[in-house]
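# Results of the structural survey
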Amino acid sequence: MTRALRTQALPLLVLAALAAAPFVGFGDGFALTLLARGMILGMAAIGLALLVGGAGLASLGHAATVGIGAYAVAWLDLAGIDGAGIVVPVAIGAAALFAGVTGAVSLRTSGVHFIMITLAFGQMAFFTASSLSFLGGDDGYTLYGRTTVFGAGLLQNRLAFHFVCLGLLALVWLICSMVLDSRFGRVLQAARDNPLRVRALGFSPYPYRLIACTLAGGIGGLAGVLLANATEFVSPATLAWTRSGELLFMVILGGASRLYGGLLGALAFVLLEEWLSGLLTYWRLLFGPLLILAVLFLRGGLAGLGRRDG
Amino acid sequence: MADPLLSLKGVSKRFGGLTVTDTLSLDLCQGEIHALIGPNGAGKTTLINLISGTLSPDEGRVLFAGTDVTRWSLQRRARAGLARSFQITSVLERFTARDNVALAAQARAGSSFRFVRPVAREAALNRAAEAELAAVGLGSRAGTQAASLSHGEKRQLELAMVLATAPRLLVLDEPLAGAGPEETARLVGLLRTLRGRFGILLVEHDMDAVFALADRISVLVNGRLVVTGDAATVRAHPEVRSAYLGDDALA
């Protein structure tokens, strides 16, 4: 138990800090919006970290699952359905289905080919979203209102929304940790390190990887629901491949060897982006090199900073 | 002779114009240690790949315990009890020795599509892993990360993994390669204890070990079996002398 506490001290500290943030001077609308964005992207990045770190599968189409979750909210909103009891399962189901079907094809390849084929599927989703004229096409779609919980406008309240995001973020992290520590997770990680050895023991890596893809997709869908609610707006930009690249980047920046690396990376990314864009007009000129330096010099990512044992 | 555990019937494998395995037939009995020797490039590793399912043959059939497994994948053959080790040690470097073997035990202990219970706390798997580690002489290294083990210890670890899958046939690709004299002696002693429990196909360059362990020896040259027989028959065979064995190996 003490060992578990030590290894998980950093993510628990971050979650505690996020819980305390609204009461220690970050309770204004601007700060809460920023933190919500960080938590939502962090959730999607934890799902991606399960794929990248856990299964060794670098997907460049993960934003598509977030976008599908967000578009599910918009589509149901257009149909007049805004209850979380329907919206959340539909969004998660649609994103997981997309990830499962595209994963079933993508997993027949490996390495660079896997990255390229996930990119291609992501772009297919992007262009599909752009052509949904009844949901605004390229211009996107503004929601009539946020998703309701048991008929109540719980998510309208910024503080309540903050804690819903935080709670779901913690839940996603716990579920992914549990899965990685299970029998399933052991086979998944073994197949990441040495697929031939794992096959020689009698395991077929494919179904394990497919389940991991589907799970990560479902998490992306959940993040999409929250993202749509945070901005009350959905557009194809959510599904753009650059978003997938950013998510992948967050995972690497935070440290792919730890699930919570995705969360650390997302928070660092969002805060850095905000800080630099307030400082400079051409902030991206600094942002890019900073990220490259971080990858070069933080070998274990942000999650590896506190650990000297490698 | 009882039905052979493993039977190759006219197996051929070509890579482009090069015939690496040439209409080869071989029987291996239950409980037998059958050594496969031959010079470099004779096609030993290709033959192992054909038997274990990493490659599939262009012609011929592979029978395992009477079942035609020619079109079976590596993992399906492994589940049927056909376990292999690799010429280049293949363990999970980031896992501890215990977790390496527990993974192998897991392959034989019910479904691995379980998502909730922490596998590290599954006492049955850990016990099985520690028993196999003790059997190969690695009992004290269970908690060590595989990457920190010596080369010889990794060889022992891989053997423990193979044994933990509860196999019927072991296909060992140069289990002594790169091991020091002390480790070799320990591994040979270990392999001797396995005689009778499994069928073993042993590919090995260490002639002392081969003559000490093998019930029968097959000699492979250019993808064909030159001779199969006991140590005396093989030593005496003229083609073997010219093709492979130096005079000093026969002393």
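Use the structure listed above.
Residues numbered from 1 in each chain as written. Chains lettered and ligands numbered in written order. Predicted model: local features only at pLDDT ≥ 70, side-chain atom pairs only at ≥ 80, totals over all residues. Heavy atoms only, no water.

### Considering the overall build of chain A
Looking only at helices and strands, one finds 13 helices and 2 strands in chain A. Relative to the globule expectation of 19 Å for 310 residues, the C-alpha radius of gyration of chain A, 19 Å, shows essentially globular dimensions. For chain A, the spread of C-alpha atoms along the three principal axes comes to 55 × 40 × 40 Å. Split into buried and exposed, the 310 residues of chain A put 53% on the buried side. A fraction of 77% describes how many contacts in chain A between residues 6 or more apart in sequence connect residues 24 or more apart. Carbon together with sulfur atoms contributes 70% to the accessible area of chain A, which is approximately 13400 Å² in total. The distance from the centre of the 18 positive side-chain charges to the centre of the 12 negative ones in chain A is 18 Å. (Helix = DSSP H or I, 4+ residues; strand = E, 2+ residues; numbered from the N terminus. Rg over C-alpha atoms; globule rule 2.2 N^0.38 Å. Buried < 20%, exposed > 50% of the residue type's maximum accessible area, 1.4 Å probe, protein only. Contact = heavy atoms within 4.5 Å. Areas by Shrake-Rupley, 256 points an atom, 1.4 Å probe, with all protein chains shown as cover. Lys, Arg positive; Asp, Glu negative; His and termini not counted. Charge placed at Lys NZ, Arg CZ, Asp CG, Glu CD.)

### As for the pattern of salt bridges
Close approach of charged atoms lets side chains of opposite charge pair. A complete count under the given rule lists 17 salt bridges over all chains for this structure. Two residues, A:D193 and B:R94, come together in a salt bridge whose shortest N-O distance is 3.3 Å. On the criterion of chain membership, the pair formed by A:D193 in helix α8 (residues 183–193) and B:R94 in the loop between β6 (82–84) and α3 (97–106) is interchain, its members lying in two chains. Relative accessible area serves as the criterion here: at 25%, A:D193 is assigned to the partly exposed category. B:R14 serves as the salt-bridge partner of B:E59, at 3.0 Å between the closest nitrogen and oxygen. Linking B:E59 in strand β4 (residues 59–64) with B:R14 in strand β1 (residues 6–15), this pair joins segments that are 45 residues apart in sequence. Taken together, the salt bridges that share partners define one network made up of A:R192, A:D193 and B:R94. (Salt bridge = Lys/Arg side-chain N within 4 Å of Asp/Glu carboxyl O.)

### Topic: unusual backbone geometry
Residue and element names in this part refer to chain B. In the Ramachandran plot, T23 falls in the positive-phi region, its phi being about 35° despite a non-glycine side chain. Mapped onto the secondary structure, T23 falls in strand β2 (residues 18–28). Phi at A166 is positive, roughly 50°, even though this residue is not glycine. Turning to its location among the elements, A166 is positioned in the loop between α5 (151–164) and β7 (169–173).

### Observations concerning the interface of chain A and chain B
In this complex, chain A contributes 25 residues to the contact, which on the side of chain B involves 37 residues. Between chain A and chain B, roughly 2800 Å² of surface is buried when both sides are summed, and carbon and sulfur atoms account for 61% of that area. Taken together, the links from chain A to chain B amount to 4 salt bridges. The partner of B:E158 in a salt bridge is A:R197, and the shortest N-O contact between them spans 2.6 Å. Looking at the side of chain A that touches chain B, the elements that each hand over two or more residues are α7 (158–181), α8, α9 (195–200) and α10 (205–231) of chain A. The element best represented in the side of chain A that touches chain B is α8(A), accounting for 8 residues. Looking at the side of chain A that touches chain B, its residues break down into 13 nonpolar, 5 polar and 7 charged. (Buried area = accessible area lost by both parts, 1.4 Å probe. Nonpolar A, V, L, I, M, F, W, Y, C, P; charged D, E, K, R; others polar.)

### Notes on the pairing of β1(B)
Consecutive side chains along a regular strand alternate between the two faces of the sheet. Residue and element names in this part refer to chain B. Where β1 lies against β2, 7 bridges are found, and the strand directions are antiparallel. Bridge pairing in β2 links F15 to L18. Where β1 folds back onto β2 in an antiparallel hairpin, the turn is made up of 2 residues, including G16, whose phi is positive at roughly 60°. Where β1 lies against β4, 5 bridges are found, and the strand directions are antiparallel. Within the sheet, the bridge partner assigned to S12 lies in β4 and is E59. (Pairing = 2+ DSSP bridges.)

### Re the nonpolar core
By size, the foremost hydrophobic cluster in this structure holds 115 residues, and its most contacted members are A:L169, A:L247, B:L157 and B:L170. When residues in this core are grouped by element, the largest group, 16 residues, is from helix α3 (residues 29–55) of chain A. Excluding its chain neighbours within four sequence positions, the residues that come into contact with A:L169 are A:L15, A:L18, A:M39, A:G42, A:M43, A:I46 and A:L263. (Core = buried A, V, L, I, M, F, W, Y, C linked by side-chain atoms within 4.5 Å.)

### What to know about a nonpolar patch on the surface
Residues A:F23, A:V24, A:F26, A:L159 and A:F163 make up a contiguous nonpolar surface patch of about 500 Å² in total accessible area. Counting through the fold element by element, A:F163 comes out in helix α7. (Patch = residues over 30% accessible without salt bridge, like charges linked within 9 Å, V, L, I, M, F, W, Y side chains within 5 Å.)

### Considering the sheet that holds strand β10 (residues 224–229) of chain B
Remark on secondary structure: sheet strands pair via backbone hydrogen bonds, oriented parallel or antiparallel. Residue and element names in this part refer to chain B. Sheet architecture is open: 6 strands sit in the order β6-β7-β8-β3-β9-β10, paired in mixed fashion. What marks the edges here is a single partner per strand, and that holds for β6 and β10. Taking each pair of neighbouring strands and ignoring which way they run, the sheet shows an average axis angle of 20°. By the bridge criterion, 4 bridges tie strand β3 (residues 33–37) to strand β8 (residues 199–203) in an arrangement that is parallel. Considered in β8, the bridge of L36 is made with V203. (Axes fitted to C-alpha atoms, helices over the stretch in contact; angles between N-to-C directions.)

### With respect to the sheet that holds β2(B)
The sheet built from 4 strands is open, its strands ordered β2-β1-β4-β5 (chain B) with antiparallel pairing. The open sheet has two edge strands with one neighbour each: β2 and β5 (67–68) of chain B.

### Observations regarding helix α1 (residues 44–52) of chain B
Where burial is concerned, most of α1(B) is hidden: 8 out of the 9 residues are buried. When we look at burial in α1(B), the residues that qualify are B:K44, B:T46, B:L47, B:I48, B:N49, B:L50, B:I51 and B:S52.

### A short note on the pairing of β4(B)
All names here are of chain B. Pairing of β4 with β5, which is carried by 2 bridges, proceeds in the antiparallel orientation. Across the sheet, the residue bridging to F64 is T67, located in β5. Where β4 hands over to β5, the hairpin turn is made up of 2 residues, of which A65 adopts a positive phi near 50°.

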